[in-house]
Amino acid sequence: MIYGERIRFRRAEKDDLPLFMEWINDPDVTEGLTLYLPMGLWEEEEWFAGLAKRPQAERPMTVEIPDGDGWRAIGNLSFFNIDAVARSGEIGIMLGDKSIWNQGYGTEAMRLLLKHGFETLNLNRIQLYVYDANIWAIRTYEKVGFIHEGRKRQALFKNGKYQDILIMSVLREEWEKE
Ligand SMILES: CC(C)(COP(=O)(O)OP(=O)(O)OC[C@H]1O[C@@H](n2cnc3c(N)ncnc32)[C@H](O)[C@@H]1OP(=O)(O)O)[C@@H](O)C(=O)NCCC(=O)NCCS
């Protein structure tokens, strides 16, 4: 487990798939994500089986918050495209439980993921892509120190129109100064 103040990360399990399915079939959640077609459980299971071939550091983790005597899943996140030579990696986050949005959990999860990336995985650069219209996610990333680095113009077609995709990153030296 990786523990923060109000959240923890654990390895995503096969039992999480029905919940992940609900989230990735909710248009409110997928508005800012690459997913745009309905997803079936069998497709989700294929994706999950494929994770075994990915390096351990790149397998998704489930984000949980305390709930009664136990813990409740609110989302998932992951590193991917880790480059061992450049010591860089990319991250993605989906908090699918809409009841907890805008209560600081995304900010805390991103802070904890950065700490994990720099202190445990020993990365030097962490980057992400975010859609221009996802102001909410952009704000979350800015709050934890991500710097705007570039813009891929009209790189996305969603909801009947083209959108830009932004590239944001944090370097270890910037994170250490935070
Ligand atoms: C994006 C996401 C990670 C944010 O998590 P969260 O827990 O809701 O975010 P937080 O509460 O920590 O912070 C949200 C910030 O955005 C701000 N915000 C929310 N809606 C906003 C809007 N429409 N315009 C501008 N800022 C907005 C909030 O005010 C807050 O900033 P503040 O603390 O300065 O007030 C999460 O909601 C999520 O996973 N969404 C669905 C999937 C997704 O879009 N993932 C990102 C793909 S790149």
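See the structure above.
Residues numbered from 1 in each chain as written. Predicted model: local features only at pLDDT ≥ 70, side-chain atom pairs only at ≥ 80, totals over all residues.

Student: Help me out: how do you make sense of the overall build of the protein in this one?
Tutor: For the protein, the count of helices and strands is 6 helices and 8 strands. When the helices and strands of the protein are placed in sequence order, the string is β-β-α-α-α-β-β-β-α-β-α-β-β-α. Against the compact-globule benchmark of 16 Å for 178 residues, the protein has a radius of gyration of 16 Å, which places it among compact chains. Seen through its principal axes, the protein has C-alpha atoms that stretch 40 × 40 × 35 Å. Split into buried and exposed, the 178 residues of the protein put 23% on the buried side. Here the analysis covers contacts within the protein between residues at least 6 apart in sequence; of these, 55% occur between residues at least 24 apart. (Helix = DSSP H or I, 4+ residues; strand = E, 2+ residues; numbered from the N terminus. Rg over C-alpha atoms; globule rule 2.2 N^0.38 Å. Buried ≥ 20, exposed ≤ 12 C-beta atoms within 10 Å, placed from the backbone. Contact = placed C-beta atoms within 7 Å.)

Student: Looking at this model, I keep getting lost on the pairing of strand β5 (residues 88–95). Mind explaining?
Tutor: Each regular strand carries side chains that alternate between the two faces of the sheet. Where strand β4 (residues 70–83) lies against β5, 7 bridges are found, and the strand directions are antiparallel. When the sheet's bridge partners are listed, Asn76 is paired in β5 with Met94. In this fold, β5 hands off to helix α4 (residues 105–120), which returns the chain to strand β6 (residues 125–131); that crossover is right-handed. (Pairing = 2+ DSSP bridges. Right-handed = clockwise from strand over helix to strand, strands pointing away.)

Student: How should the sheet that holds strand β8 (residues 161–171) be read in this particular structure?
Tutor: Two modes of strand pairing occur in sheets, parallel and antiparallel, and in both the strands are linked by backbone hydrogen bonds. Here 8 strands make up an open sheet; going across it, the order is β1-β2-β3-β4-β5-β6-β8-β7 and the pairing mixed. Edge positions in the open sheet fall to β1 (2–3) and β7 (147–158), since each of these has one partner strand only. Bridge analysis of β5 against β6 gives 3 bridges, and the strand direction is parallel. Paired with Ser88 across the bridge in β6 is Arg125.

Student: I keep staring at the pairing of β6 and nothing clicks. Help me out?
Tutor: In this structure, β6 lies alongside β8, joined through 7 bridges in antiparallel fashion. Residue pairing across strands places Ile126 opposite Val170, the latter belonging to β8.

Student: Mind showing me how you'd approach the environment of Leu171 here?
Tutor: Inspection of the secondary structure assignment puts Leu171 in strand β8. The contact partners of Leu171, leaving out residues within four places of it in the chain, are Asn124 and Arg125.

Student: Please clarify how helix α1 (residues 17–24) should be interpreted in this entry.
Tutor: An α-helix turns once per 3.6 residues; consequently, residues spaced three or four apart project the same way. Those residues of α1 lying buried are Phe20, Trp23 and Ile24. Along the axis of α1, the buried residues cluster in a sector spanning 90°; they form a single face. Exposed and facing more than 90 degrees away from the buried side of α1 are Pro18 and Glu22. In this fold, the buried residues of α1 make contact with α2 (27–30), α3 (41–50), β4 and β5. (Arc of directions from axis to C-beta.)

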